[in-house]
Amino acid sequence: AQRVTQPEKLLSVFKGAPVELKCNYSYSGSPELFWYVQYSRQRLQLLLRHISRESIKGFTADLNKGETSFHLKKPFAQEEDSAMYYCALTPLNTDKLIFGTGTRLQVFP
Amino acid sequence: DTGVSQNPRHKITKRGQNVTFRCDPISEHNRLYWYRQTLGQGPEFLTYFQNEAQLEKSRLLSDRFSAERPKGSFSTLEIQRTEQGDSAMYLCASSTTSGLTGELFFGEGSRLTVL
């Protein structure tokens, strides 16, 4: 079964602290993985894709196939990072996204 | 605003009534998706279109739900004989096959409340 698990509903940190939002997936093949973000009163939007190996707004995510994980990390959290973060996967040969339940990140000043 | 547009933004209806939501995708996007999101959950895939063809429909989608994209542009999602369990945010998204895989552009959603 295709499944994305985000074990934390809420993660609270202080500004400048490191952040790691956890994501584990279940998929028999080689999926493509993504992080989407929804800031307050804004639309859900793509943050980053594992295949691009990019850093966006200081966030990075490494695909660990052995642990079937795709955790999102940032070394120094900023208040503007406060948002809802969703991990998602796309099964091979489709453009359909399967989302996790999301983690709310709160960054306190 | 050239983003994905959804109407109405809010709909309150009584159980048993039919409701229809409309989605206008980004104009050059040939793929259109419908998702449903309930409180505390991530978006759940319902169906998607490439141009006017409905390519996939979730097995979770009951027969009361139907979606169309007649001319490959806007899409409608109709829910017949609504039930309280249909209360949710209905999200539309669009993408282009020439774009990055998995990069969907979402609308603001249509919130349905069934009394």
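Scroll up for the structure.
The structure presented is a predicted model; accordingly, all values stated were derived computationally and were not measured.

About the thresholds
Residues numbered from 1 in each chain as written. Chains lettered and ligands numbered in written order. Predicted model: local features only at pLDDT ≥ 70, side-chain atom pairs only at ≥ 80, totals over all residues. Heavy atoms only, no water. Helix = DSSP H or I, 4+ residues; strand = E, 2+ residues; numbered from the N terminus. Rg over C-alpha atoms; globule rule 2.2 N^0.38 Å. Buried < 20%, exposed > 50% of the residue type's maximum accessible area, 1.4 Å probe, protein only. Contact = heavy atoms within 4.5 Å. Areas by Shrake-Rupley, 256 points an atom, 1.4 Å probe, with all protein chains shown as cover. Lys, Arg positive; Asp, Glu negative; His and termini not counted. Charge placed at Lys NZ, Arg CZ, Asp CG, Glu CD. Phe/Tyr/Trp six-rings, centres within 6.5 Å; stacked < 30°, edge-to-face > 60°. Lys NZ or Arg CZ within 6 Å of the ring centre and 35° of its normal. Disulfide = S-S within 2.5 Å. Core = buried A, V, L, I, M, F, W, Y, C linked by side-chain atoms within 4.5 Å. Pairing = 2+ DSSP bridges. Axes fitted to C-alpha atoms, helices over the stretch in contact; angles between N-to-C directions.

Section: the overall build of chain A
Step number 1: The helix and strand tally for chain A stands at zero helices and 11 strands.
Step number 2: Counting from the amino terminus, helix and strand elements in chain A follow one another as β-β-β-β-β-β-β-β-β-β-β.
Step number 3: Relative to the globule expectation of 13 Å for 109 residues, the C-alpha radius of gyration of chain A, 13 Å, shows essentially globular dimensions.
Step number 4: The dimensions of chain A, computed from C-alpha atoms along their principal axes, are 40 × 30 × 25 Å.
Step number 5: Here chain A, with 109 residues, has 47% of them falling under the buried criterion.
Step number 6: Put simply, 58% of the contacts in chain A that link residues at least 6 apart link residues at least 24 apart.
Step number 7: Accessible surface for chain A amounts to roughly 5600 Å². Of this, 49% is attributable to carbon and sulfur atoms.
Step number 8: Computing the positive centroid from 14 side-chain charges and the negative centroid from 10, chain A places the two 5 Å apart.

A look at the packing of aromatic side chains
Step number 1: All told, the structure shown has 13 aromatic pairs over all chains when counted by the stated rule.
Step number 2: With a centroid separation of 6.2 Å and 90 degrees between ring planes, the pair formed by Y86 of chain A and F99 of chain A is classed as edge-to-face. Of this pair, Y86 of chain A sits in strand β9 (residues 83–90) while F99 of chain A is found in strand β10 (residues 98–99), placing the two residues 13 residues apart along the sequence.
Step number 3: Given the relative accessible area of 4%, Y86 of chain A is considered buried.
Step number 4: Here F65 of chain B and Y90 of chain B contribute two aromatic rings whose centre-to-centre distance is 6.4 Å and whose plane-to-plane angle is 35 degrees, an arrangement assigned as tilted. Placement of the pair is F65 of chain B in strand β7 (residues 65–68) and Y90 of chain B in strand β9 (residues 88–95), with a sequence separation of 25 residues. With respect to burial, F65 of chain B and Y90 of chain B carry one shared label: buried.
Step number 5: Chaining the aromatic ring pairs together yields one cluster made of Y36, Y86 and F99 of chain A together with Y33, Y35, F45, Y48 and F106 of chain B.
Step number 6: Positioned above the aromatic ring of F74 of chain B is the side chain of R22 of chain B, whose terminal nitrogen or guanidinium carbon lies 3.9 Å from the ring centre.

Brief notes about the state of the cysteines
Residues and elements named next belong to chain A.
Step number 1: Inspection of the entire model under this criterion finds two disulfides over all chains.
Step number 2: With a sulfur-sulfur separation of 2.0 Å, C23 is cross-linked through a disulfide to C87. Its S-S torsion of about -65 degrees marks the bond between C23 and C87 as left-handed, since a negative value means left-handed. With a gap of 64 residues between them, C23 in the loop between β3 (19–21) and β4 (24–26) and C87 in strand β9 connect regions that are remote in the sequence. The same class applies to C23 and to C87, which are both buried.

Points about the nonpolar core
Step number 1: Among the nonpolar cores identified, the biggest contains 26 residues, and W35, L72 and Y85 of chain A are the most heavily contacted of them.
Step number 2: Secondary-structure elements contributing two or more residues to this core are β2 (10–14), β3, β5 (32–38), β6 (45–49), β8 (69–74), β9 and β11 (103–108) of chain A.
Step number 3: If one sorts the elements of this core by residue count, β9 of chain A sits on top with four residues.
Step number 4: If you look at the next biggest cluster of nonpolar residues, it comprises 19 residues, including F49, A67, Y90 and L112 of chain B.

Observations concerning the pairing of β9 of chain A
Each regular strand displays side chains that alternate between the two surfaces of the sheet.
Residues and elements named next belong to chain A.
Step number 1: Across the eight residues of β9, eight count as buried, placing the element largely inside the fold.
Step number 2: Neither face of β9 is open: one carries A83, Y85, C87 and L89, the other M84, Y86, A88 and T90, and all of them are buried.
Step number 3: Here β5 pairs with β9 via seven bridges, running antiparallel. The residue of β9 that forms the bridge with F34 is A88.

Details of the sheet that holds strand β3 (residues 19–24) of chain B
All names here are of chain B.
Step number 1: Reading across from one edge, β1-β3-β8-β7 is the order of the four strands in this open sheet, with antiparallel pairing throughout. With partners counted over all chains shown, the strands left at the sheet margins are β1 (5–7) and β7, one partner each. Going from strand to strand, the sheet's axes swing by 15 degrees on average, the running direction of each strand aside.
Step number 2: Where β7 lies against strand β8 (residues 75–79), four bridges are found, and the strand directions are antiparallel. In the strand pairing of β8, F65 is matched with I79.

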